[in-house]
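Here are the chains, one letter per residue:
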Amino acid sequence: MKLNNKNLLKDKLYINGKWIDSEKKFQVENPATNEIIASLPMGGKSETSKAIEAASSVFLEWKQKPAKFRSKILKKWFSLIETNTEDLARIMTLEQGKSLTEAMGEIRYANSYIEWFSEEAVRSYGDTIPSHRADTRILVQKEPIGVIATITPWNFPAAMMIRKVSAAFAAGCTVVSKPSELTPLTALALVQLGEEAGIPPGVWNLVFGDFESIGEELCTNPIVRKISFTGSTRTGILLSQKSASSVKKMSLELGGNAPFLVFEDANIEKAVEGALSAKFRNSGQTCVCVNRFYVHANVLDEFSNKLKIKIESLKVGNGLEEEIDQGPLINPQAVEKVNSHIQDAIQKGASLKTGGNRHRLGGNFFEPTLLTGIHSEMKICKEETFGPVAAIQSFQTDSEALQLANDTEYGLAAYLFTESVSRIWKFSELLEYGMIGINEGIISSEQIPFGGIKFSGYGREGSKYGMEEFLQTKYLCWGGLNH
């Protein structure tokens, strides 16, 4: 790897401030070339248990540090990441596939959470409550929960992890992190910079390898008091069930099936731009990615034709090349899922307007695709496609649009484009989603409470609400205050 800072390329687990190796290995591949780019230790139950013990051993000391102390470390970490953005982006592109431009954008986005929580660290306020008796006082204070486990996916290997751990550190928690085995190198580089920033040994530990044994230990070990997970709904349910025996607090950011509503009065140019960013960013591999487009029949042709032109202008290729809009999908299984959704839709009556095939580049590359004439019996309406496929269905009335949009067990993100203020209020209240983009395709930032409802999980990340996820409330009743 052509890195300016060679020290960022790590190939070991990180436990209690030490880099740990093991004999058993697994390999990390570049999804654009299928080349092996790293061989890493296969961590398991033993390594995870040691990481939990390390986090527990320093929790009290870390908790009792002044908030300003933790804030300064986070600010130093922010500065180091800012300095090393280009190298971090290159590592991410090599193991995840997204373009360098997108990877650099993700590093900056992830780093914004560190900056945000470095400032929130000193704002963990409690309350005083008017007492029910003259001789007592009621106080409420916020305390860190304890040892936290974070489990994060491959699609945003920096952002998904950092927005969890930065909030946890700010709150005074210690952390055991498990990144995806598909993209561990980005996490390792961020841990290296965290160490340089002064995060003490044991406060942050990183394990990966055997997902089942690591997950089992994180769920069943009573020392872990909270799990923050981003991933599939199926896995989230399993983690929640396994964690019930030790009554852990959970934050689950799970699957999505986002609708994108375009009404008759919408600004079509703005809607097309919003559709492009909300659908094809990261090759369609985002949890808030649009899965279903619902467009009013009177503007269906205009919207579809303009979106088709934009889709056909997307440049597909290796993310290390210049001016690439879309890199490869993460692996052959992802390609097969996208292809199966397209074929299922066509067999059930959808029309293919552009794309629809594996890309001429081969491997994990897939053509940006547009389908029209979809309906609710197709897989593409029921399952999260997680790929570069825009699928459109028309509607006639507002009530029909609302019914179609809410016809899913998921509830992460939704998008609506309209110029009607009354319709915006109505749909904002009736859409069953945790986040709604109104005339906007990019909805995430460090200031907002990111998260969903229904089978998309619970808990929030980012904003002041994200800090609350790592704090617990303690009530103090102070009696004997005779006047």
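Residues numbered from 1 in each chain as written. Predicted model: local features only at pLDDT ≥ 70, side-chain atom pairs only at ≥ 80, totals over all residues. Heavy atoms only, no water.

## Quick word on the packing of helix H1 (residues 45–64) against helix H7 (residues 211–220)
Then, in step 1: Contact pair H1 / H7: the axes reach a minimum separation of 8 Å and the direction vectors enclose 35°. The interaxial crossing formed by H1 with H7 has right-handed handedness. Residues Lys 45, Thr 48, Ser 49 and Ile 52 of H1 lie in contact with H7, whose contacting residues are Ser 213, Ile 214, Glu 217 and Leu 218. (Axes fitted to C-alpha atoms, helices over the stretch in contact; angles between N-to-C directions. Helix = DSSP H or I, 4+ residues; strand = E, 2+ residues; numbered from the N terminus. Left-handed = near helix turned anticlockwise from the far one by under 90°. Contact = heavy atoms within 4.5 Å.)

## Some words on the pattern of salt bridges
Then, in step 1: Enumeration over the complete set of coordinates arrives at 25 salt bridges.
Then, in step 2: Its salt-bridge partner being Glu 217, residue Lys 45 comes within 2.6 Å of it at the nearest N-O pair. Taken as a pair, Lys 45 in helix H1 and Glu 217 in helix H7 lie far apart in primary sequence, 172 residues in all.
Then, in step 3: When its relative accessible area of 6% is taken as the criterion, Glu 217 is described as buried. (Salt bridge = Lys/Arg side-chain N within 4 Å of Asp/Glu carboxyl O. Buried < 20%, exposed > 50% of the residue type's maximum accessible area, 1.4 Å probe, protein only.)

## Side note on the packing of aromatic side chains
Then, in step 1: Within this structure, the stated rule accounts for 16 aromatic pairs.
Then, in step 2: When the centroid spacing of 6.3 Å and the interplanar angle of 55° are considered together, the rings of Trp 77 and Phe 169 count as tilted. Pair noted here: Trp 77 is in helix H2 (residues 67–83) and Phe 169 is in helix H5 (residues 159–171), with a separation of 92 residues, a long-range link.
Then, in step 3: Since its relative accessible area comes to 1%, Phe 169 is described here as buried.
Then, in step 4: Ring geometry for Phe 263 against Phe 395: centres 5.5 Å apart, planes inclined by 70°, an arrangement best described as edge-to-face. Within this pair, whereas Phe 263 is found in the loop between strand S12 (258–262) and helix H9 (268–280), its partner Phe 395 is found in strand S16 (residues 389–395), the two being separated by 132 residues in sequence. Each member of the pair, Phe 263 together with Phe 395, is buried. (Phe/Tyr/Trp six-rings, centres within 6.5 Å; stacked < 30°, edge-to-face > 60°.)

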